[in-house]
Amino acid sequence: MRFIETWTSATLLATRDLTPGIREFLLRPDGFAGAPYPVGSHIDVGVTIDGQPQTRSYSLVGEVDPQGFRIAVRRAPDSRGGSHYMWSLGPGARLNITLPTSLVQLDWTRRQFCLNAGGIGITPIVGAAQVLARRDAGVTLHYAVRTRSDAAYLDRLERLLGDRLIVHAGDEDKRLDLEGVFANLPQGTMTLFCGPMRMLDAARRAWEASGHPMIDLRYETFGSSGLLPTEAFRVRLKGEGTEFVIPRDRSMLDVLNEAGHEVMSDCRRGECGVCALDVVDVDGEIDHRDVFFSEHQKRESRKICACVSRARGTITVDTLHRADTP
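Reading the values: the criteria
- Residues numbered from 1 in each chain as written.
- Predicted model: local features only at pLDDT ≥ 70, side-chain atom pairs only at ≥ 80, totals over all residues.
- Heavy atoms only, no water.
- Buried < 20%, exposed > 50% of the residue type's maximum accessible area, 1.4 Å probe, protein only.
- Helix = DSSP H or I, 4+ residues; strand = E, 2+ residues; numbered from the N terminus.
- Arc of directions from axis to C-beta.
- Contact = heavy atoms within 4.5 Å.
- Polar contact = N/O pair within 3.5 Å; in protein donor to acceptor, adjacent residues only side chain to side chain.
- Pairing = 2+ DSSP bridges.
- Axes fitted to C-alpha atoms, helices over the stretch in contact; angles between N-to-C directions.
- Parallel < 35°, antiparallel > 145°, perpendicular 65-115°, else oblique.
- Left-handed = near helix turned anticlockwise from the far one by under 90°.
- Core = buried A, V, L, I, M, F, W, Y, C linked by side-chain atoms within 4.5 Å.
- Salt bridge = Lys/Arg side-chain N within 4 Å of Asp/Glu carboxyl O.

**A word on helix H3 (residues 154–161)**
Right, so step 1: Restricting attention to buried positions, one finds in H3 the residues Leu-154, Leu-157 and Leu-161. Projected onto a plane normal to the axis of H3, the buried residues spread over an arc of 65° and lie on a single side. What points out from H3, more than 90 degrees from its buried face, is the exposed set Asp-155 and Arg-159.
Right, so step 2: Residues of H3 that are buried in the fold lie against helix H2 (123–134), strand S9 (138–145) and strand S10 (165–169).
Right, so step 3: Where H3 ends, the next residue or the one after it, Gly-162, has phi of about 60°, a positive value.

Structure, rendered in C-alpha cells:
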C-alpha cells in the first residue's frame with residue numbers, strides 16, 4: 001500500500017478559537033522531537049463518534065512548530081461527527097494520531113505560484129505560503145470566504161504576503177473568479193488549491209479551460225465534503241439480497257467491512273481508488289466525493305469510492321464477495 005500509517009499517542013496542549021466557527025488545536029506527540037515534515041502534510045486523528053472509533057484527517061498548519069502539530073477544525077453542522085468530537089476536547093486530552101504524510105507534490109524549482117484556498121482549506125496553504133515567501137518566489141494567494149470574519153489566519157497571511165494576498169469575501173461581493181484568475185496566469189505557473197468539493201470541481205474545469213497543463217494544478221482535498229447534504233442512504237449488494245443503511249456519520253467502506261465484506265482500501269481519502277466498487281443500479285443520486293475518478297466517470301456513475309462517496313436514496317453495488325464462494 002502507498003499510505004502506510006504509523007500511529008502514536010499525543011496530548012492536546014492547547015486550543016484557541018481563530019474565528020467563531022474554527023478552532024485551532026496544538027497536539028504534541030509522545031517523544032516529539034520537532035522533525036520537519038513536507039508542506040501540505042496531514043495527520044489522521046482517532047475520534048469517537050456514537051461510541052465507535054473512527055478516523056479523521058486534518059492538514060497541518062504552517063511549517064514545523066517546536067511545540068507540536070497544529071491543526072484547525074471547522075465546527076460543521078453537516079459533518080459526520082468528527083468536528084463535534086474535536087470541539088468537545090480540552091487541554092490535557094489524550095488522542096491517537098498518525099505521523100505526518102504529504103500527498104501534495106510541488107515543484108519548488110518553479111518561480112511562479114498561485115495558491116487558492118476556500119474556507120478551512122487555508123490550513124495546508126499557510127505552510128506553502130511561508131515557504132514560498134521565504135524563498136522569494138513569485139506567489140499570489142486567493143482566499144475565498146463567506147465573510148472576512150470567517151478567514152482564519154488572515155492577520156498572519158497579510159503580514160507575510162501583503163498585497164499578494166487577495167481575499168474574496170462573499171458578503172463584500174468579491175467572489176473568486178477562478179476562470180479569470182487562471183486565464184491570466186503566466187505559462188509554467190504552479191497552482192495549488194484546497195477547498196470543498198464544489199470549488200475543486202470548478203477549479204479543475206477552469207484550469208482545463210485555461211489551457212494550462214493539468215500537471216501544473218495540484219490540490220489537497222476535504223475527505224468528506226460533497227455536493228449533496230450528508231444523510232443516511234441504503235446500499236444493496238448484488239446477488240445477495242442484503243441491504244445496509246449507511247448512517248450519516250459512517251462511511252460505506254466501514255459499514256461493509258464491519259459486516260464481513262472485506263472491501264479493500266488504502267488512502268481512505270478518495271484519492272487512490274483502491275476501494276472503488278461497481279455500481280449496478282441507482283435509485284436516487286450518487287454524491288461522488290472522491291478526486292480519483294474523472295468528471296466523465298462521475299457522470300456515468302458506474303463505480304463509487306466506498307471510503308468517501310455517498311448517495312441519496314438507494315444504490316446497488318457489486319463487492320465481488322459471494323457468501324457461497326468456497
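Having seen the model, we can carry on.
**Comments concerning the side chain of Asp-287**
Right, so step 1: In this fold, Asp-287 is placed in strand S15 (residues 276–287).
Right, so step 2: The class for Asp-287 is buried, based on a relative accessible area of 3%.
Right, so step 3: Polar side-chain contacts of Asp-287 include one of 3.1 Å to the backbone nitrogen of Leu-228.
Right, so step 4: Leave out the neighbours within four places in its chain, and Asp-287 touches Gly-226, Leu-227, Leu-228, Ser-309, Arg-310 and Ala-311.

**A word on the sheet that holds strand S8 (residues 112–118)**
Right, so step 1: Read across the open sheet, the five strands follow the order S10-S9-S8-S11-S12; overall the sheet is parallel. At either margin of the open sheet sits one strand with a lone partner, and together these are S10 and strand S12 (217–220). Pairs of neighbouring strands in the sheet enclose a mean axial angle of 15°, with direction left out of account.
Right, so step 2: The pairing of S8 with S9 spans seven bridges and is parallel. Residue pairing across strands places Gly-118 opposite Ala-144, the latter belonging to S9.
Right, so step 3: The strands touched by H3 within the sheet are S9 and S10, with S10 carrying the most contacts at an inclination of about 145°.

**Considerations on the packing of H2 against H3**
Right, so step 1: In the contact formed by H2 and H3, the axes pass within 10 Å of each other and the chain directions differ by 20°. As summarised for this structure, H2 and H3 are arranged roughly parallel, according to the angle between their axes. Relative to H3, the crossing made by H2 is left-handed. Where H2 approaches H3, its residues Val-126, Ala-129, Gln-130 and Ala-133 are matched on the opposing element by Arg-156, Leu-157, Leu-160 and Leu-161.

**So, the nonpolar core**
Right, so step 1: Core analysis: the biggest nonpolar cluster contains 34 residues, and Leu-115, Ile-122, Tyr-143 and Leu-157 have the highest contact counts within it.
Right, so step 2: Put simply, the parts of the chain that give this core at least two residues each are S8, H2, S9, H3, S10 and strand S11 (190–194).
Right, so step 3: Looking at this core element by element, the count peaks at six residues for H2.
Right, so step 4: If we skip the residues at most four places from it in the chain, Leu-157 touches Ile-122, Val-126, Ala-129, Leu-141, Tyr-143, Gly-162 and Leu-165.

**A word on the pattern of salt bridges**
Right, so step 1: In this structure the tally under the stated criterion is 22 salt bridges.
Right, so step 2: The partner of Glu-24 in a salt bridge is Arg-70, with the nearest N and O atoms 3.0 Å apart. Of the two residues, Glu-24 is situated in strand S2 (residues 22–29) and Arg-70 in strand S5 (residues 69–74); the sequence distance between them amounts to 46 residues.
Right, so step 3: Residue Arg-70 is classed as buried on the basis of its relative accessible area, which comes to 16%.
Right, so step 4: A salt bridge links Asp-278 to Lys-303; its shortest N-O distance comes to 2.4 Å. Of this pair, Asp-278 sits in strand S15 while Lys-303 sits in strand S16 (residues 303–305), placing them 25 residues apart in sequence.
Right, so step 5: On the basis of relative accessibility, which here comes to 28%, the residue Asp-278 falls in the partly exposed class.
Right, so step 6: Overall, the relative accessible area of 35% leaves Lys-303 in the partly exposed class.
Right, so step 7: When salt bridges that share partners are traced, they join Arg-16, Glu-24, Asp-65 and Arg-70 into one network.

**A closer look at the environment of Thr-109**
Right, so step 1: Its place among the elements puts Thr-109 in the loop between strand S7 (101–102) and S8.
Right, so step 2: What makes Thr-109 exposed here is its relative accessible area of 65%.
Right, so step 3: Distance in space between the C-alpha atoms of Thr-109 and Leu-185 is 17 Å, their sequence separation being 76 residues.
Right, so step 4: Within the local environment of Thr-109, its side chain forms a polar contact with the side chain of Asp-107, the two groups lying 2.5 Å apart.

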